[in-house]
Structures are given as structure tokens and as C-alpha cells.
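Chain by chain, the residues run as shown.
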Amino acid sequence: MIGVLVSGSGSNLQALLDAGLPVVAVASSHEDVRALDRAEAAGVPARVFPLADPADRSGRDTAMADWLAGHGVTLVVCAGFMQLLGPAFLGRFPDRVLNVHPALLPAFPGAHAVEDALAAGVSVTGASVHLVDEGIDTGEVIRQEIVPVLPGDTAETLHRRIQVVEHRLLPAVVRELIAA
Ligand code: GAR
């Protein structure tokens, strides 16, 4: 049973739903994001867990882990979830928290991976699916796929092509993990 963490548009959540994977709960860091509409449209329970007090990350993490576990979640997928998770969350789902990232990690971790790759002038970048640890996009990489940078690419055009890959790669990895 999959729980998905989101912060924004939720196109990767949509890819998991469209793949027919057993998404049973969606937790968001923010209100009023498109990902919550997607969860509602799919009839999946969703709830917002704002990090109201950054000093109390472990309180937020515990509440979110309790809620997901209460829905039977055994695998967590961060799909555009833009906040760090601490031990109070990760300890509840050991080696069962995944993230999708728009770069070939360990290159270009963080919240501006596509812009950073363009600024560095690389000729290829890509998409990574990796295990989440307490660092910023530092966990073990499970699968990656290359995306070429084309002449004239902007962050928007490049990110769009990377997301096409993400929407295929993420459901494939999740499907394999839940079958294993
Ligand atoms: C995705 O491209 C994902 O790789 C990226 O945010 C986007 C979310 O899109 N995540 C990160 O940059 C994490 N460091 P979505 O909300 O439409 O799935």
C-alpha cells in the first residue's frame, strides 16, 4: 500500500494513479495545491501536514507517519515533496521511502536541480529515483535515466522533458518494489 507525499502540481502522483498502483493516502506539505485536487478526483484520502513550526519537524513527521500507517501504508513515495524528512518519519518506514529527482544524482541535488544543470552547461542530465535519507537527495540511487540538454533549452522545456521520463520511471520502480 502506497502513501504519496506532495507539495505542488502532483504530476508524478498522477502517473502513479494512472499506472493503477495502490495509492491509499496522499499527504501534502501545503494547502491549495493541484496534487490535492488530483487525490480528490481519484477518491484517495488526502490531508495537509504543514510544517508550521520548523523547530518541531519531529512532531509533524510523527503525525504524518501515524496518519499514513493508519491507512495501511507500507511504501512512501515523495513525488515533488519539497521538505526534508527526519528520523521520526524515516524510522517508521525503514528503506521504504522513495523520491524522484530531476537530475542525475549525485549531481545537482536540491530544489533547483534543472536550473543548476543548465547553469553548469552540462550536455546531459536526467531523472533519478532514490531512497530517502536525512540528507538533501543523498540516499542510495535505485534507477536513473539520461535526458539530453538541447540547444536553446530553458529550465521549463528541459524540466518538461525530464518529467516525461519521471512519469515512466517512477511507476516502474514502484511496481517492482511492491512486487518484490
Ligand atoms: C518533479 O520534477 C520532481 O522531480 C521534483 O519536483 C517536481 C514535482 O513535480 N522534485 C525535486 O526537485 C526534489 N528535489 P510534480 O509535483 O508535478 O510531480
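Rules of the game
Residues numbered from 1 in each chain as written. Predicted model: local features only at pLDDT ≥ 70, side-chain atom pairs only at ≥ 80, totals over all residues. Heavy atoms only, no water. Patch = residues over 30% accessible without salt bridge, like charges linked within 9 Å, V, L, I, M, F, W, Y side chains within 5 Å. Areas by Shrake-Rupley, 256 points an atom, 1.4 Å probe, with all protein chains shown as cover. Salt bridge = Lys/Arg side-chain N within 4 Å of Asp/Glu carboxyl O. Lys, Arg positive; Asp, Glu negative; His and termini not counted. Charge placed at Lys NZ, Arg CZ, Asp CG, Glu CD. Helix = DSSP H or I, 4+ residues; strand = E, 2+ residues; numbered from the N terminus. Buried < 20%, exposed > 50% of the residue type's maximum accessible area, 1.4 Å probe, protein only. Arc of directions from axis to C-beta. Contact = heavy atoms within 4.5 Å. Phe/Tyr/Trp six-rings, centres within 6.5 Å; stacked < 30°, edge-to-face > 60°. Polar contact = N/O pair within 3.5 Å; in protein donor to acceptor, adjacent residues only side chain to side chain. Near = heavy atom within 4 Å. Nonpolar A, V, L, I, M, F, W, Y, C, P; charged D, E, K, R; others polar.

**Q** Please give an account of a negative patch on the surface that cites residues and values.
**A** Side chains of E31, D32, D37 and E40 sit close together on the surface and give a patch of like negative charge. Relative to the helices and strands, D32 resides in the loop between β2 (23–28) and α2 (34–41).

**Q** Report on α2, specifying residues and quantitative values.
**A** Every buried residue belonging to α2 is among A35, L36, R38 and A39, and all of these are buried. All buried residues of α2 fall inside an arc of 160° around its axis, so they share one side. Summarising the geometry of α2, the exposed residues directed more than 90 degrees from the buried face are R34, D37, E40 and A41. Taken together, the buried residues of α2 touch β1 (2–6), α1 (11–18), β2 and β3 (46–48).

**Q** Lay out the pattern of salt bridges in plain terms, naming residues and giving numbers.
**A** Within the structure shown, the criterion is met by six salt bridges. Notably, a salt bridge pairs D66 with R92, separated by 2.8 Å at the nearest N-O pair. Of this pair, D66 sits in helix α3 (residues 57–70) while R92 sits in the loop between α4 (87–90) and β5 (97–101); the two residues are 26 residues apart in sequence, bridging distant segments of the chain. Here D66 falls in the partly exposed class, since its relative accessible area comes to 41%. A residue is classified by how much of its surface remains accessible, and R92, at 37% relative accessible area, is partly exposed. Between E176 and R143 there is a salt bridge; the shortest N-O distance is 2.6 Å. Of this pair, E176 sits in helix α6 (residues 155–179) while R143 is found in strand β7 (residues 141–148), placing the two residues 33 residues apart along the sequence.

**Q** Give me the lowdown on the packing of aromatic side chains, citing residues and values where you can.
**A** Two aromatic rings, taken as a pair, are described by how far apart their centres are and by the angle between their planes. Enumeration according to the criterion identifies two aromatic pairs in this entry. Between F49 and W67 the ring centres are 5.6 Å apart and the planes differ by 55°, which places this aromatic pair in the tilted class. Note that F49 is positioned in the loop between β3 and α3 and W67 in helix α3, a separation of 18 residues in sequence. Accessibility classification places F49 together with W67 in one group, the buried group.

**Q** Describe the side chain of R60, and please don't skip the residues or the numbers.
**A** Assignment of secondary structure puts R60 in helix α3. A relative accessible area of 6% means that R60 is categorised as buried. Looking at R60, its side chain comes within polar contact range of the main-chain oxygen of L84, at 3.3 Å. In contact with R60, not counting residues within four places along its chain, are F49, P50, L51, F81, Q83, L84 and L85.

**Q** Please provide a residue-by-residue account of the site of the ligand, values included.
**A** By nearness alone, 14 residues border the ligand, and G10, S11, N12, H159 and E166 come closest of all. Between the ligand and E166, the relevant distance is 2.5 Å, taken from an oxygen atom to a side-chain nitrogen or oxygen of the residue. Burial of the ligand by the protein chains amounts to 91% of its free accessible area of 450 Å². No other element matches the three residues that α6 contributes to the shell around the ligand. Of the residues belonging to the shell around the ligand, the class tally is three nonpolar, nine polar and two charged.

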